[in-house]
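Here is how the chains run, residue by residue.
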Amino acid sequence: MDTLLSSLSNANFQWVLVGSLLLGFASGVIGSFVLLKKQSLISDAMAHAALPGVCIMFLIFEVKSIPILLIGAAITSFLATQAIQFIINKSRIKTDAAIGIIISVFFGFGIVLLTYIQQNSTGSQAGLDTFIFGQAASLVKSDVQLITGGAFLLVLISMLFFKEFKLTLFDPQFAKGIGLPVSFLNGLMLFLVVAIVVIGIQMVGVILIAALLITPPLAARYWTERLGVMAILAGIFGAISGVLGAVISTTIVGLPTGPVIVLSASFIFFISLLFGKKKGLVIRRVRQA
Amino acid sequence: MTYTLWIVITGCLVGLTCGVTGSLLVLRKMSMIADAISHTVLLGIVGAFFVTQSLNGVPMLIGAAIVGLLTAFFVETLHRSGVQSDAAIGVVFTSLFALGVVLIAFIGDQVHLDVQHALMGEIAFVPWNTLQIGGVSLGPVAVWMLGGVLFVNLLLIAIFYKEIKLSTFDPQYALLIGVPVVFIHYLLMIMVSLSTVASFDSVGAILVVAMLIVPGSTAYLLTDKFFTMLWMSGAIGILSALIGYGSAVYFNVSIAGSMASSTGILFILAFLFSPRHGLVFKRLRTT
Amino acid sequence: MHALHVSDLTVSYDKKPVLEDVSFSIPNGSITGIIGPNGAGKSTLIKSILRLIPSITGEVKVYGEPYAQQKKLIGYVPQRSEVDWDFPTNALDVVLMGRYRHIGIFKRAKKAEITWARECLQKVGMLGYAERQISQLSGGQQQRVFLARALAQDAMVYFMDEPFSGVDAATERAIIQLMKNWKQEGKTVIVVHHDLQTVEDYFDHVLLLNKQLVDFGETPKVFTLENLEKTYGGKIAFLQKTPSTEKEHHAHGHLAFESE
Ligand SMILES: Nc1ncnc2c1ncn2[C@@H]1O[C@H](COP(=O)(O)OP(=O)(O)O)[C@@H](O)[C@H]1O
Ligand SMILES: [Mg+2]
């Protein structure tokens, strides 16, 4: 308890709290789009594929500059989505296998690069392995500011284009018909996913960041069927998970942040699954009886 | 020399076991279930530790089989209740995996089991951890476990060969003519869990996923015969392990990561140059 | 004796009813066409009779006995689009699948079974393709392989789901021939069909379906314009009147429905 109080008064930690809150909110909102596009596992592939990007940038520039590393993450993450599409379009391999191939090969290659860096890099071993599971405690102020600012921007974009996204997701043909730039909007949604994955990996890690996109919207679905409400609710669920994860993992030494955030989200999902107003199991039982 | 040999044998056994089993998953469009199970068995291992207070082979296998089945069961239940299947997979495996990682953080001090290990394995330590019976060393435990699981898997595939084939190709027809489709499904889930946990200690989750999905997909591009696909997938797994080990030693990098990357390289080669389904020859044929 | 007796069959997906209170009895040795618009529940009807769908209520009897006891008498040709034809196997192997019940669990196919499977391929004109990988067969050839598999089953009541869709004229004729042979052998055939023009030529009984049973009976009595309008919700259009007036009231030959 003492540690909690003392850390709460710590300025850096306050930043971490705000950052995790906004990050959670943004990923809940963006995750709602992902869920409706049925791309939950593609987002997992994008997350895993961020690792080699981080390592390659480190190898090229030999500095641990977060912005540069994250640009690398964005590039390989984007490449992963394209590679999945390419494999599906150009061969008889089906979607699920294509995603699995990209996840495991990109991540495996990332690990190769990571170990290469650890063996060969001069000076500090770069601490890149925090990218795997995320470590809120290791974030410095500029990192957190990047997360906070980035998440805020992504939420803003999501809100600005909300109507258009909704129509594009629901009925792309119709959206095209009334003159919406559907491919631009799809591109923008892809950008949002890449961006949220990239700014989130430091805190949550590449292995579990996708959970933050998948779980809160899924939980929200048990309470509402309207996309607008669902996105906001997912955002709130994400924000709660983010804050819980940051607080708990900072208080108990040795707990990585990502898994705790994800467990918090899973807990909210579980509650929703049982008691959700729309399709919750308990409600269904009651109605049936 | 024997040290290297044991590592190579372990890698090859992982490639063979996961390759053969995984090719079935690729055909059943369940690759991502494999991905999920390879993550969640971590929870089974931790659970086994909580029960037995040791990291012993057999309880670990049992724990993994249970959690593997649970994963498949949860995914299916969620899917049946109306959640789209990829989101169902996503939510189940991240939850169980996160739980496993958090539990490890609590017991981490007591045992040699950390998250890094779970992801990448410790194949370099495999030769030290030998099976001792009556003071005689019988070779690494990992090799015995992998060999045992390989034997069980091959036996199950041999027994249920035509049932597996039919329920994969046309599950409804299989149901109609009395094939126990659900039983076969969960049997495969057990096979995946066993393969995963036997490989886990030496090569970690990443390589298991790679070995389960990629060699099978590669073989799928190279052949149109069911049986050929099975053994070819195993062979590609072995080849990946060998190439991966060689390059890992050469570049002094993670063995597991390097083996996973090798599966990717072989896949790209088949993707481009497979005589019948490769990109290059398809191009040539159309022009 | 009725080959198939269905009473009060109700099916729903996720609480949404797809079939409501369907009851009918199909006489032995008949060829019945199940007709209805897209999404009418035709495939669902067949699958629920065959217990391939959970959550159904109602009763199905085959030759007077409950379905569960008569499973061996049932043959099934699914819609071709329901399986993945990239699956690595050859035509003979698919036909052999029709014998799995006879071969028994754990056991491998014996010589006799393989000979029998080859004969079935021969009957649908596909013997030359026995070793051919299924991904390399044309749509019509794939359908023939499915037919051969049903033949190999040696059943008494055959269900076929849209066997004519996407096949060539020769295959269509081969399927018709096969149905007629089955009928002659005293077997019963039930076919989901969507081409209204050929209904009267192919089927002696018709079952009109749109969520509910519209009508069932002998083709001349049931296949009327009035019934079709009920089934298709008035979307029937005459493209061209038949010159022969005697058949006019049967809506023969030149019907089309507009929903596609
Ligand atoms: N697995 C399923 N889950 C939910 N709804 C389904 C499923 N299969 C079919 N349906 C719905 O049931 C209805 C009947 O489908 P189907 O029997 O395939 O029609 P038909 O074969 O007559 O075209 C359709 O509205 C379809 O959308
Ligand atoms: Mg149909």
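Every chain is numbered independently, its residues counted from 1 as its sequence is written. Going through the entries in the order they are written, you letter the chains from A and number the ligands from 1. pLDDT decides what is reported in this predicted model: residues at 70 or higher carry local features, side-chain atom pairs at 80 or more are listed and counted, and totals for whole chains, interfaces and linings draw on all residues regardless. Each side-chain value is derived from all of the structure's non-hydrogen atoms; neither hydrogens nor water enter the calculation.

A. Quick peek at the overall build of chain B. Runs of H or I in DSSP of at least four residues are treated as helices and runs of E of at least two as strands, each being numbered from the N terminus. Summing up its helical and strand segments, chain B has 12 helices and 2 strands in all. If you list the helices and strands of chain B from N to C, you get α-α-α-α-α-β-β-α-α-α-α-α-α-α. Note that the radius of gyration is over C-alpha atoms, with the globule rule given as 2.2 Å times the number of residues to the power 0.38. Relative to a compact globule of 287 residues, whose C-alpha radius of gyration would be 19 Å, chain B shows 19 Å and is just as compact. On the principal axes, the C-alpha backbone points of chain B span a range of 60 × 50 × 35 Å. Note on exposure labels: buried denotes an accessible area under 20% of the residue type's maximum, exposed denotes more than 50%, and partly exposed covers the range between, all computed with a 1.4 Å probe on protein chains only. In chain B, which comprises 287 residues, the proportion classed as buried is 63%. Surface accessibility in these figures is a Shrake-Rupley result with a 1.4 Å probe; residues are shielded only by whichever protein chains are displayed. Entry remark: accessible area of chain B is about 10,400 Å², with carbon and sulfur atoms responsible for 74%. Positive residues here are Lys and Arg, negative ones are Asp and Glu, while His and the chain termini are left out of the count. One atom stands in for each charge, and that atom is NZ of Lys, CZ of Arg, CG of Asp or CD of Glu. Of note, chain B has its 10 positive side-chain charges centred 21 Å away from the centre of its 10 negative side-chain charges.

B. Representation of the nonpolar core in the model. We call a set of buried residues a nonpolar core when its members are Ala, Val, Leu, Ile, Met, Phe, Trp, Tyr or Cys and they connect through side-chain atoms within 4.5 Å of each other. Counting residues in each nonpolar core, the largest one holds 290 residues, and the members touching the most others are A:Ile201, C:Leu4, C:Phe24, C:Leu45, C:Phe159 and C:Met179. Among the elements that make up this core, the one with the highest residue count is helix H9 (residues 181-222) of chain B (26 residues). When sequence neighbours within four positions are dropped, the list of residues in contact with A:Ile201 reads A:Ala50, A:Val54, A:Leu70, A:Ala73, A:Thr130, A:Phe131, A:Gly134, A:Val206 and A:Ile209. Only heavy atoms matter for contacts: two residues are in contact if any of them lie within 4.5 Å across the pair.

C. Main features of the pairing of strand E9 (residues 205-210) of chain C. All names here are of chain C. In terms of burial, E9 is largely enclosed, as 5 of its 6 residues are buried. Any two strands between which DSSP finds at least two bridges are classified as paired. With 4 bridges joining them, strand E3 (residues 31-35) and E9 adopt parallel strand pairing. What sits directly across from Ile-35, in E9, is Leu-208. Two elements, E9 and strand E10 (residues 212-218), share 6 bridges in a ladder whose sense is antiparallel. Residue pairing for E10: Leu-209 is matched across the bridge by Leu-213. Here E9 folds back onto E10, and the loop between the two strands holds 1 residue, one of which, Lys-211, carries a positive phi near 70°.

D. Representation of helix H4 (residues 85-107) of chain B. Its 23 residues give H4(B) an end-to-end C-alpha distance of 33 Å, which sits within 8% of 33 Å, the value for a rise of 1.5 Å per residue. H4(B) sits mainly inside the fold: 18 of its 23 residues count as buried. For a helix, the expected span equals 1.5 Å multiplied by the number of residues minus one.

E. Looking closely at the site of ligand 1. All names here are of chain C. The local shell around ligand 1 consists of Tyr-13, Lys-16, Val-18, Pro-37, Asn-38, Gly-39, Ala-40, Gly-41, Lys-42, Ser-43 and Thr-44. Polar contacts, as used here, are pairs of N or O atoms within 3.5 Å; protein pairs need one atom able to donate a hydrogen and one able to accept it. Residues neighboring in sequence count only if both atoms are side-chain atoms. Here Tyr-13 contributes a side-chain N or O atom positioned 3.3 Å from a nitrogen atom of ligand 1. The separation between an oxygen atom of ligand 1 and a polar side-chain atom of Thr-44 is 2.4 Å. If ligand 1 stood free it would expose 560 Å²; the protein chains cover 58% of that surface. For the shell around ligand 1, the elements supplying multiple residues, two or more each, are strand E2 (16-27) and helix H1 (42-49). Broken down by element, the residue count for the shell around ligand 1 peaks at 3 residues, all from H1. Proximity criterion: a residue is near a molecule or strand once any of its heavy atoms comes within 4 Å of it.

F. Representation of the interface of chain A and chain B in the model. Contact with chain A, which involves 52 residues of that partner, is made by 56 residues of chain B. Reported buried area values correspond to the accessible surface (1.4 Å probe) lost by two parts on association, with both partners' losses combined. Between chain A and chain B lies a buried interface of about 4,400 Å² when both sides are counted; carbon and sulfur atoms form 74% of it. Looking at the side of chain A facing chain B, the largest losses of area belong to A:Leu41, A:Arg92 and A:Asp96, adding up to 15% of the total buried there. A side-chain nitrogen of Lys or Arg and a carboxyl oxygen of Asp or Glu constitute a salt bridge if their distance falls within 4 Å. Our enumeration of links across chain A and chain B arrives at 1 salt bridge. Counting across the interface, chain A meets chain B through 12 residue pairs in polar contact (both at pLDDT 80 or more). When contributions to the side of chain A that touches chain B are tallied by element, the ones reaching two or more residues are helix H3 (40-61), helix H4 (66-90), helix H5 (95-120), helix H6 (130-133), helix H11 (209-220) and helix H13 (257-275) of chain A. If you tally residues by element for the side of chain A that touches chain B, the top one is H5(A), at 16 residues. A class-by-class count of the residues in the side of chain A that touches chain B yields 32 nonpolar, 12 polar and 8 charged. Gly is placed with the polar residues, together with every amino acid not listed as nonpolar (Ala, Val, Leu, Ile, Met, Phe, Trp, Tyr, Cys and Pro) or charged (Asp, Glu, Lys and Arg).

G. Representation of the confidence of the model for chain C within the structure. Residue and element names in this part refer to chain C. Within a predicted model, pLDDT stands for the predictor's per-residue confidence, ranging from 0 to 100. Averaged over all residues, the pLDDT of chain C is 86; the fraction at 70 or higher stands at 89%. The low-confidence segment residues 238-260, where pLDDT is below 50, has 41 contacts with residues more than four positions distant or belonging to other chains. Across the interfaces of the predicted complex, the ipTM metric reaches 0.93, alongside a pTM of 0.89.

H. Fine view of the state of the cysteines. Residues and elements named next belong to chain B. Any two cysteine sulfur atoms lying within 2.5 Å of each other are counted as a disulfide. Summed over all chains, the structure comprises 0 disulfides over all chains. Free cysteine: Cys-18, not disulfide-bonded; nearest cysteine sulfur from Cys-12 at 12 Å. By relative accessible area, Cys-18 is classed as buried at 0%.

I. Structural detail: the side chain of B:Ser199. All names here are of chain B. Mapped onto the elements, Ser-199 comes out in helix H9. Separated by 2.6 Å, the side chain of Ser-199 and the backbone oxygen of Ser-195 make a polar contact. Among all residues touching Ser-199, those that are not within four sequence positions of it are Val-14, Cys-18, Leu-146, Gly-204 and Val-208.

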